[in-house]
Amino acid sequence: MFNRFVGNNVYSVIGNVGNTNSGRGGNRSYGGGNGNTEAGSLNFSVGTETSPKLKIEGSGQYSFRNTDAESKSYTETFLSNSSQFSDRNSFNLSETDDFNTEFRLEWKPDEYNTFRFKPRAGYSKSNSFSQSDNNTYTEAGNPEDFLNKSNSKSSSESSSQSGGMDVDYSHSFKNKPGRRFNLSVSGTVGENESESFSRSTAIYTINPDANNTDLIRRVENITSSYNYRVYASYVEPVFTNRFLQLSYSYRFNNRESDKKTYARKSEEDLIGELDESISLTNNFENDNIRQQIQASFRTVREKYEYQLGVNIEPQKSTSRRSYLVESENKVLSRSVTNWAPTARFQYNFSREKNLRINYRTNTSQLDLSQLDETIDDSNPSNIRYGNAGLKPSFSQSLEVRLQLMERKSQRSIMASLEGSTTNNSIVSKVIYAEDGSGKRETTYDNVNGVWNTSAFLMTNLPFSTKFRFNSFTRFSFNNHVGYTSDRLATIPTKNITKNSILNQNLGIRFITPVIELATNGSIGYNGVRSTAKTSSNQDVFTYRVNGNVTLFLPLSISLSSDIGYQTSSGYSAGYSQNQTIWNANIQKSVLKNAGMIAFRIYDILQQRQNISRSVSETAITESINNSLTSYFLASFTYRFNLFGGKGGNMPGERPEGMRDGMRERRFDRGGQGDGRW
């Protein structure tokens, strides 16, 4: 990283490259992301302030990302009165290069008016190769009793370009303090071109002569889009510290997909013959108009503030599908209007203690793949297509958050309770073939009754200047609603899957000028209950214990090491976790604390596992993904202090008199991420 200030000009260059899957921050104690990734970026920016009225900035970024991912998964799918089981092995290679640039100009002709202009452009190119094998069974633990086996492999290349512009204007009225008007106009245009080569095979035990397939194809697809948005808001002070706020937003979004499919005689045939069937070669276009009208009343007082209002969101979606056979062309239009009150309240007990209550709503925009009814049979055992008649989902959420902090003693308590419900939630709808072969079709539909709730409690309590206790508790509950059917039934029935998750972490830290000791332990619970098949109910428990020690030695040297053990129960055979992760590092401050030399080694015992579990409205999936395990990292960091005065501390350095801080916060969250709050 390099920053330089010359008069009113600012120059900045930031670059990074690596293959450690670390991303931005985070704790590497348990897992390091899916796959092995090499990534890097180079950012540069220039800014100048030609006068107090005019600021100009420009920036550009180049980034690349190469990923090698392998995955093994086991899925139980809930049927009407039974279950279906499948295991899948997949491999994926991908390479992506991106370049983005942006220009920003801010002009203030006077203290009451501000204009902002922000044009932007981007280009991306990627290629990938993937291969997967999938086996489907009627009985768990009996791989010989399979319904079907499928294999697919594909390669693709794509490129995309985009551009856009944002223009904002704000005005404060000279003769009426508090009165404000804002106007914003923005727009974006983009296009993506892709070409893919694929081969998919499927073998069935039931009626193989009619069901077995071998598809070799080439697909060309051009996807284009453009959108624009106009937004205006007005704030009028009506009484002392009371304001009336009005806003209106109009957004138009056009998306178009032009797909051509070519049947190939063999893998060596790179051209193929155009397949004119309406499911494989067609043009799909969708226009979406979304308006948002808001009116609210806001009051601000020394101890509290609140805002009450109403939000109205009319939305219209029009889909057009064109085929080579014009008689098959279709147009479908849907309109919906949602409205709900809005509310926000905050009470300040003091600068560091407050209570917040927030109620908000949101209307989602449908994905093009959910609307496009083009049949995707690249996996012959699971044919997919969209539903042009879908309505946008509308969600409402309520959050209550309490924060009690004492900076001097660093005592803190944070608690939160929130819940949300969704109308017209978009879920998968699975329909099985009547012949019992296990072949299925997956589409989408709207359902109601989807909701979730969660709560957390975090405490940091110092017993003395040397001992600190911390606790983190989190609970969540998800009520999934979807459709499923039996293998011999073509009419799906509604299924409700309830997923409960509970995590509890406790820790203690001992701190002296020479040594820091810390330990914590946690237990996690993940339970699933399904109305389709109660015998499929599952409970998974995860247990963790961590310990770390840091020694502060003479000559500005510090040594640290941490070790953690994790085990689990309740997973399917072969997916349970049982690992010990040991990390260590040594670092030394040099050049009058302006530089830092460090050597770190991760996963010394090479036991890292990357196991995850996901729950949907109709299935439970357990996965094992490859990830970077043991590696070492040597680094030298130097801080340029261009402002003079006493500099801050280097990353990982312990300032004199400091007894905790971000390192402790990272520990307080029980090893879950980097603990930012």
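What counts as what
Residues numbered from 1 in each chain as written. Predicted model: local features only at pLDDT ≥ 70, side-chain atom pairs only at ≥ 80, totals over all residues. Heavy atoms only, no water. 1 Å grid on protein atoms, 1.4 Å probe; cavity = no way out; pocket = protein on both sides within 12 Å on 5 of 7 lines; lining within 4 Å. Points joined across faces, edges and corners; volume = space filled by probe spheres on them. Helix = DSSP H or I, 4+ residues; strand = E, 2+ residues; numbered from the N terminus. Nonpolar A, V, L, I, M, F, W, Y, C, P; charged D, E, K, R; others polar. Phe/Tyr/Trp six-rings, centres within 6.5 Å; stacked < 30°, edge-to-face > 60°. Buried < 20%, exposed > 50% of the residue type's maximum accessible area, 1.4 Å probe, protein only. Lys NZ or Arg CZ within 6 Å of the ring centre and 35° of its normal. Contact = heavy atoms within 4.5 Å. pLDDT = per-residue confidence, 0-100. Pairing = 2+ DSSP bridges. Polar contact = N/O pair within 3.5 Å; in protein donor to acceptor, adjacent residues only side chain to side chain. Patch = residues over 30% accessible without salt bridge, like charges linked within 9 Å, V, L, I, M, F, W, Y side chains within 5 Å. Areas by Shrake-Rupley, 256 points an atom, 1.4 Å probe, with all protein chains shown as cover. Salt bridge = Lys/Arg side-chain N within 4 Å of Asp/Glu carboxyl O.

1. Examining empty space enclosed by the protein
For step 1, the next point in the chain: Under the criterion given, the structure shown has 2 cavities of 30 Å³ or more.
For step 2, the next point in the chain: Lining the second largest cavity are Gln-315, Ser-317, Arg-334, Ser-335, Val-336, Leu-390, Lys-391 and Pro-392.
For step 3, the next point in the chain: Looking at the lining of the second largest cavity, the elements that each hand over two or more residues are β13 (304–323) and β14 (330–350).
For step 4, the next point in the chain: The residue inventory of the lining of the second largest cavity, partitioned by class, reads 3 nonpolar, 3 polar and 2 charged.

2. Examining the packing of aromatic side chains
For step 1, the next point in the chain: This structure, assessed with the given rule, holds 16 aromatic pairs.
For step 2, the next point in the chain: A ring pair is formed by Phe-115 and Tyr-169, whose centres lie 4.7 Å apart and whose planes are at 35°; its orientation type is tilted. Placement of the pair is Phe-115 in strand β6 (residues 113–137) and Tyr-169 in strand β7 (residues 146–172), with a sequence separation of 54 residues.
For step 3, the next point in the chain: Its relative accessible area of 25% is what places Phe-115 among the partly exposed residues.
For step 4, the next point in the chain: Every member of this aromatic cluster is reached through a ring pair, and the members are Tyr-226, Tyr-228, Tyr-250 and Phe-252.
For step 5, the next point in the chain: The ring of Phe-173 carries Arg-179 above its face, with NZ or CZ at 5.4 Å from the centroid.
For step 6, the next point in the chain: The ring of Tyr-483 carries the charged tip of Lys-429 above its face, separated from the ring centre by 5.0 Å.

3. Focus on the environment of Asn-423
For step 1, the next point in the chain: Mapped onto the fold, Asn-423 is located in strand β18 (residues 411–423).
For step 2, the next point in the chain: Judged by relative accessible area, which is 32%, Asn-423 ranks as partly exposed.
For step 3, the next point in the chain: The spacing of Asn-423 and Lys-391 is 32 residues in sequence and 9.7 Å in space, taken between C-alpha atoms.
For step 4, the next point in the chain: Every residue in contact with Asn-423, bar those within four places of it in the chain, is listed here: Ser-393, Phe-394, Gln-396, Val-447 and Asn-448.

4. Some remarks on the confidence of the model for the chain
For step 1, the next point in the chain: Predicted confidence across the chain gives a mean pLDDT of 85, with 89% of residues reaching 70 or more.
For step 2, the next point in the chain: Contacts of residues 23–31 to residues separated by more than four positions or lying in other chains number 27 contacts, the stretch itself having pLDDT below 50.

5. Quick word on the environment of Leu-244
For step 1, the next point in the chain: With respect to the element layout, Leu-244 can be found in strand β10 (residues 242–263).
For step 2, the next point in the chain: Leaving out residues up to four positions away in the same chain, Leu-244 has contacts with Tyr-234, Val-235, Glu-236, Val-238 and Ser-296.

6. Some remarks on the pairing of strand β24 (residues 515–530)
For step 1, the next point in the chain: Sheet topology note: the strand β23 (residues 493–511)/β24 ladder contains 15 bridges and is antiparallel. Across the sheet, Ser-500 pairs through a bridge with Gly-527, a residue of β24.

7. A closer look at the side chain of Thr-75
For step 1, the next point in the chain: The topology assignment puts Thr-75 in strand β4 (residues 54–78).
For step 2, the next point in the chain: By relative accessible area, which is 13% here, Thr-75 ends up buried.
For step 3, the next point in the chain: Reaching out from Thr-75, the side chain makes a polar contact with the side chain of Thr-621 at a distance of 3.0 Å.
For step 4, the next point in the chain: Look past the residues within four positions of Thr-75 in its chain and what remains in contact with it is Gln-84, Phe-85, Ser-86, Ala-619, Ile-620 and Thr-621.

8. Regarding the side chain of Asn-583
For step 1, the next point in the chain: Mapped onto the elements, Asn-583 comes out in strand β27 (residues 578–590).
For step 2, the next point in the chain: Looking at Asn-583, its side chain comes within polar contact range of the main-chain nitrogen of Asp-603, at 2.8 Å.

9. Some words on a nonpolar patch on the surface
For step 1, the next point in the chain: On the surface, Phe-2, Val-13, Leu-42, Phe-44, Tyr-62, Phe-99 and Tyr-123 cluster together to form a nonpolar patch covering roughly 640 Å² of accessible area.
For step 2, the next point in the chain: Tracing the chain through its elements places Tyr-62 in strand β4.

10. Structural notes on unusual backbone geometry
For step 1, the next point in the chain: Although it is not a glycine, Leu-591 adopts a positive phi angle of roughly 55°.
For step 2, the next point in the chain: Inspection of the secondary structure assignment puts Leu-591 in the loop between β27 and β28 (595–602).
For step 3, the next point in the chain: By relative accessible area, Leu-591 is classed as exposed at 55%.
For step 4, the next point in the chain: Within the chain, Asp-603 stands out as a residue other than glycine whose phi angle is a positive 50°.

11. Points about the pattern of salt bridges
For step 1, the next point in the chain: Per the stated rule, a full pass over the model turns up 24 salt bridges.
For step 2, the next point in the chain: In this structure, Lys-118 and Asp-166 form a salt bridge, with 4.0 Å as the shortest nitrogen-oxygen distance. Pair noted here: Lys-118 is in strand β6 and Asp-166 is in strand β7, with a separation of 48 residues, a long-range link.
For step 3, the next point in the chain: Residue classification places Lys-118 among the partly exposed positions, given a relative accessible area of 29%.
For step 4, the next point in the chain: Residue Asp-539 pairs with Arg-529 through a salt bridge whose shortest N-O separation is 3.2 Å. Here Arg-529 lies in strand β24 and Asp-539 lies in strand β25 (residues 538–553), a separation of 10 residues in the sequence.

12. Some points on the environment of Tyr-571
For step 1, the next point in the chain: Along the chain, Tyr-571 turns up in the loop between β26 (557–569) and β27.
For step 2, the next point in the chain: Residue Tyr-571 is classed as buried on the basis of its relative accessible area of 15%.
For step 3, the next point in the chain: Along the sequence, Tyr-571 and Arg-613 sit 42 residues apart, while their C-alpha atoms lie 8.9 Å from each other.
For step 4, the next point in the chain: Tyr-571 has contacts with Val-540, Ser-576, Ile-611, Arg-613 and Glu-622, leaving out every residue within four places of it along the chain.

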